[in-house]
Amino acid sequence: MEPISRRAFALGTLSALTTTGCGAATGGAAEIKPPVRKTGAEGATGLRAATEMRGVWLATVENRDWPSRPGLTAAVQQKELIAHLDRAVRNRLNTVLLQVRPTADALWPSSYEPWSRFLTGTQGRDPGWDPLGTAVREAHARGLQLHAWFNPYRIANHTDPGLLAATHPARVHPDWAVPYGGKLYYNPGLPEVRAFVQRAMLDAVARYPVDAVHFDDYFYPYPEDGESFADDDAYQRHRGAFTSRADWRRNNIDLLVQEMAAGIKRVRPAARFGISPFGVWRNASTDPRGSDTDAGAQTYDDLYADTRTWVRENRIDYIAPQLYWEIGASGADYATLLDWWARTAEGTGTRLYIGEALYRAGASGADGRPAAWQDPAELTRHLTLAARRPQVGGHIFFAAQDVADDPIGAMRRVVADHYAQPASPPR
């Protein structure tokens, strides 16, 4: 869920993902009216259920949402953080998903990895306070849940290990790192890497009463034209009985998810485990079990993440697919994907929340974004459609700075239409 790449895929920059024909769909969607639902034991009426996910992602990578820039004083950083939490409360949200390990670094005094450079401007430099500890305490004081958001394998948004802190594990173990697409990644095919990243993440879970652990959409990196992920040696050494590299890669990610789920339950039994994948598991043209879409990326084939199996076999507590398209998008229609995920989650123990592209609201057509996103009612229509599907337990908005800016009032419209009353977060 790193902002630059998630934007690129949401905008359909891959040739197979088209987003034309949305104008007519938007016009039709205007007839949708928010439903009234009964909530609470007394049967009082409201626009949504008394308990639902109302979340916001708070991204720290490249200072996307917070801190506003590196090198601010501890007092200013805390002030900005608390402003985001207070804004969530004012918008009657109930969950903040804080990115605490954006690039194999830490927003807490980690025993395994250096302090994040997004705090001070220098990786490894102590910021003089404990951001994750403060965030958990201040969120809970406001009745908000705090989900600790980790990126498992990304090391850096560049390929030069020399720019990392001298004690960074990727410098101590250079054989763990793979340059790809202008970035540096840990190799998921190495068992020692998989064990290390789990220890690094569980360090935070053990230290703080986080309500959940959250992964984004990065497992193996999104494919880059003309590049191959250099894991030949790992494949030869660790392939076991696998004769397909793709199946081996998927197994590596499956093992990470299963082992991390077990680790969370061991270290903090009350904490949940959720993942927010790219919104298309597979296109139906690839697999009849897939969605009726024509997306340029498929998590199963391109990121080696079998998200459908994780849901169907209840390997995680919740899934929040990033459905970052408009209603009526020809390559990946929001309504089509909403229905596919509702059917996939039905009858499982995995809760379904929907990732919403608030950041697209108000973006101009000159940015390559469909006209639907100029309409402040586009997002409220999404929530109206989802309210008719009992499998959907709420929504998460990308991202916190867009909640703050809200250039065309799309978030204000969502709050007015759907969040008139507070809701308890799922537990």
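Numbering of residues starts from 1 in every chain and runs along the sequence as written. Note on the predicted model: pLDDT of at least 70 is required for a residue's local features to be given, and 80 or more for side-chain atom pairs to be given and counted; whole-chain, interface and lining totals, by contrast, use all residues. No hydrogens and no water enter the side-chain calculation; it runs on all heavy atoms of the structure.

*Asks:* Would you mind showing me how to read the packing of aromatic side chains here?
*Replies:* Given two aromatic rings, one states the distance between the centres and the angle between the planes to describe the pair. When the centres of two rings from Phe, Tyr and Trp lie within 6.5 Å, Trp using its six-membered ring, the rings pair. Their planes under 30 degrees apart give stacked, over 60 give edge-to-face, and anything left gives tilted. Going through the model one piece at a time under the given rule, you end up with 24 aromatic pairs. Ring geometry for tyrosine 180 and phenylalanine 229: centres 5.9 Å apart, planes at 65°, overall edge-to-face. Here tyrosine 180, found in strand β7 (residues 177–180), pairs with phenylalanine 229, found in the loop between β9 (212–215) and α8 (232–238); they are 49 residues apart in sequence, far enough to count as distant. Phenylalanine 229 carries the same exposure label as tyrosine 180, and that label is buried. Connected via pairs of aromatic rings, a cluster forms that spans Trp57, Tyr324, Tyr359 and Phe398. The ring centre of tyrosine 218 lies 5.4 Å from the NZ or CZ of arginine 154, which sits over that ring. In this analysis the charged atom, NZ for Lys or CZ for Arg, is taken to sit over a ring once it is within 6 Å of the ring centre and within 35 degrees of the ring normal. Above the face of the tryptophan 281 ring, arginine 308 is positioned so that its terminal group lies 5.6 Å from the ring centre. Here a helix means four or more residues in a row that DSSP labels H or I, a strand means two or more in a row labelled E, and each is numbered from the N terminus. Only protein chains enter the calculation, and the probe is 1.4 Å; a residue is then buried if its accessible area is under 20% of its type maximum, exposed if over 50%, and partly exposed in between.

*Asks:* Explanation requested: the pattern of salt bridges in the structure shown.
*Replies:* Where charged atoms from two side chains of opposite charge come close, those side chains can pair. What counts as a salt bridge is simple: a side-chain nitrogen of Lys or Arg found within 4 Å of a carboxyl oxygen of Asp or Glu. Summed over the entire model, instances satisfying the criterion amount to 25 salt bridges. For aspartate 301, the salt bridge goes to arginine 282, with nearest N and O atoms at 2.7 Å. One end of the pair, aspartate 301, is in helix α10 (residues 299–303); the other, arginine 282, is in the loop between β10 (272–275) and α10, and 19 residues separate them in sequence. When its relative accessible area of 13% is taken as the criterion, arginine 282 is described as buried. A salt bridge links aspartate 406 to arginine 412; the shortest N-O distance between them is 3.3 Å. Using a relative accessible area of 52% as the deciding quantity, one classes arginine 412 as exposed. One network of salt bridges, in which partners are shared, links Asp231, Asp232, Arg245 and Arg249.

*Asks:* Even after reading the chapter, I still don't get the packing of helix α13 (residues 378–387) against helix α15 (residues 410–418), so can you show me in this structure?
*Replies:* Any two packed helices are characterised by how steeply their axes cross, that is the angle between the axes, and by the distance between the axes. Each axis is a line fitted through C-alpha atoms, taken for helices only over the stretch in contact, and angles between the N-to-C directions span 0 to 180 degrees. Two numbers describe how α13 lies on α15: the axes approach to 8 Å, and their chain directions differ by 35°. Here α13 runs over α15; the crossing is right-handed. Listed contacts from α15 to Leu379, Thr380, Leu383 and Thr384 of α13 are Ala410, Arg413, Val414, Asp417 and His418. Put simply, Ala, Val, Leu, Ile, Met, Phe, Trp, Tyr, Cys and Pro go in the nonpolar bin, Asp, Glu, Lys and Arg in the charged bin, and everything else, Gly too, in the polar bin. Residue composition of the contact of α13 with α15, grouped by class: four nonpolar, three polar and two charged. Left-handed is the label given to a crossing in which the near helix is rotated counterclockwise from the far helix by less than a right angle, and right-handed is the label when the rotation is clockwise. Contacts are assigned to residue pairs with any non-hydrogen atoms lying within 4.5 Å of each other.

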